[in-house]
Amino acid sequence: MRPFSSRRRVAPGDDDRTDVELVAAVAEGSTAALRLLHRRHAPWLRARLSRRCADPDVVDDALQETFLAVWRSAGRFKGDNPAGWLWTIAIRRLISALRGRGSRWIGGDVTDVEPIPASASAEDVVLLGVEHGDLGAALTRLSPELRAVIEATVLDGLTTKEAARLLGIPEGTVKTRAMRARARLREELS
């Protein structure tokens, strides 16, 4: 079973709807569709999030927040790749969970800022720095196509093949866009 496929293999007796159909059903308020979407995607999401955070409680919270967000925003899903959409939500929820109250420092007292949890991996600390540092600002100035490739290959750690599958583009396009994005980032940061 591949985590990036919008069409899933189903177990006997399992619902045979595609993930796109399930997201549409969730948008209409189907808790059964949400349960099935969770059953299909939670295992691989948990595994990938666990590679980025050593604290299983933080991973579980991020996963729960992910499916809560799916429940709330399924009606806004317009793509054909629910797995990619779920991953985007999940990694953002994980970063938010790791950030904790520290993300609300703007306009507040600096003493309100909590340190990054001791359970945060070095990768988590780097990701937080990327989001709020010069690199994060440079990333936001990239075109959406280039930014998506950099996020998938560098920040999410996907291979070229996985990124191609996730983004729905050929592997060669991923490589070309990654090369162009790196060149633009070098210009921005020098």
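Since we're looking at a predicted model, the values are computed, not measured. (Residues numbered from 1 in each chain as written. Predicted model: local features only at pLDDT ≥ 70, side-chain atom pairs only at ≥ 80, totals over all residues. Heavy atoms only, no water.)

A.B. asks: What am I meant to see in the overall build of the protein here?
C.D. replies: Helix and strand content of the protein: nine helices and zero strands. Going from the N terminus to the C terminus, the protein shows its helices and strands as α-α-α-α-α-α-α-α-α. When the 190 residues of the protein are sorted by exposure, 39% land in the buried category. Of the accessible surface of the protein, which amounts to about 10,800 Å², a share of 53% is contributed by carbon and sulfur atoms. (Helix = DSSP H or I, 4+ residues; strand = E, 2+ residues; numbered from the N terminus. Buried < 20%, exposed > 50% of the residue type's maximum accessible area, 1.4 Å probe, protein only. Areas by Shrake-Rupley, 256 points an atom, 1.4 Å probe, with all protein chains shown as cover.)

A.B. asks: What's the story with the packing of aromatic side chains in this structure? I'm lost.
C.D. replies: What characterises a pair of aromatic rings is the spacing of the ring centres plus the angle enclosed by the ring planes. Under the defined criterion, the tally for this structure stands at one aromatic pair. Taking the centre distance of 4.8 Å and the plane angle of 40° together, the rings of F77 and W85 count as tilted. Like W85, F77 is buried. It is R48 that lies over the ring of W87; its NZ or CZ is 3.8 Å from the centre. (Phe/Tyr/Trp six-rings, centres within 6.5 Å; stacked < 30°, edge-to-face > 60°. Lys NZ or Arg CZ within 6 Å of the ring centre and 35° of its normal.)

A.B. asks: Help me understand the pattern of salt bridges in this model?
C.D. replies: Two side chains carrying opposite charge are able to pair once their charged atoms lie near each other. According to the stated counting rule, one finds three salt bridges in the structure shown. As a salt-bridge pair, R40 and D19 come within 2.9 Å of each other at their nearest N and O atoms. Here the residue R40 occupies a position in helix 2 (residues 31-50), and D19 occupies one in helix 1 (residues 19-27), the gap between them amounting to 21 residues. A salt bridge links D60 to R46; the nearest nitrogen and oxygen atoms lie 3.1 Å apart. Taken together, the positions of D60 in helix 3 (residues 56-73) and R46 in helix 2 put the pair 14 residues apart, joining distant regions of the chain. (Salt bridge = Lys/Arg side-chain N within 4 Å of Asp/Glu carboxyl O.)

A.B. asks: Would you mind going over the side chain of T153 with me for this structure?
C.D. replies: Tracing the backbone shows T153 in helix 7 (residues 144-155). The exposure class of T153 is buried, given its relative accessible area of 16%. Separated by 2.8 Å, the side chain of T153 and the backbone oxygen of V149 make a polar contact. With sequence-adjacent residues up to four places away left out, T153 is seen in contact with L158, A163 and V174. (Polar contact = N/O pair within 3.5 Å; in protein donor to acceptor, adjacent residues only side chain to side chain. Contact = heavy atoms within 4.5 Å.)

A.B. asks: How should I be thinking about the packing of helix 7 against helix 8 (residues 160-167) in this particular structure?
C.D. replies: In a packed pair of helices, the relevant descriptors are the angle between the two axes and the axis-to-axis distance. One way to put it is that helix 7 packs onto helix 8 with a least axis distance of 9 Å and a crossing angle of 135°. One way to sum up the angle between helix 7 and helix 8 is to call them oblique. Seen along the crossing, helix 7 lies across helix 8 with a hand that is right-handed. Contacts from A148, V149, A152 and T153 in helix 7 reach A163, L166 and L167 in helix 8. When its residues are assigned to classes, the contact of helix 7 with helix 8 shows six nonpolar, one polar and no charged. (Axes fitted to C-alpha atoms, helices over the stretch in contact; angles between N-to-C directions. Parallel < 35°, antiparallel > 145°, perpendicular 65-115°, else oblique. Left-handed = near helix turned anticlockwise from the far one by under 90°. Nonpolar A, V, L, I, M, F, W, Y, C, P; charged D, E, K, R; others polar.)

A.B. asks: Got a minute to help me understand the confidence of the model for the protein in this structure?
C.D. replies: Low pLDDT means the predicted coordinates in that region are not meant to be read closely. Looking at the protein as a whole, its pLDDT mean stands at 77, while 74% of the residues score no less than 70. Taken element by element, the predicted model of the protein shows its lowest mean pLDDT in helix 5 (residues 122-132) (57) and its highest in helix 1 (93). In this model residues 1-13 is a low-confidence stretch, pLDDT under 50, and it forms 31 contacts with partners more than four residues away in sequence or in other chains. Note that pLDDT drops below 50 for residues 101-114; the model gives that stretch five contacts with residues more than four away or on any other chain. (pLDDT = per-residue confidence, 0-100.)

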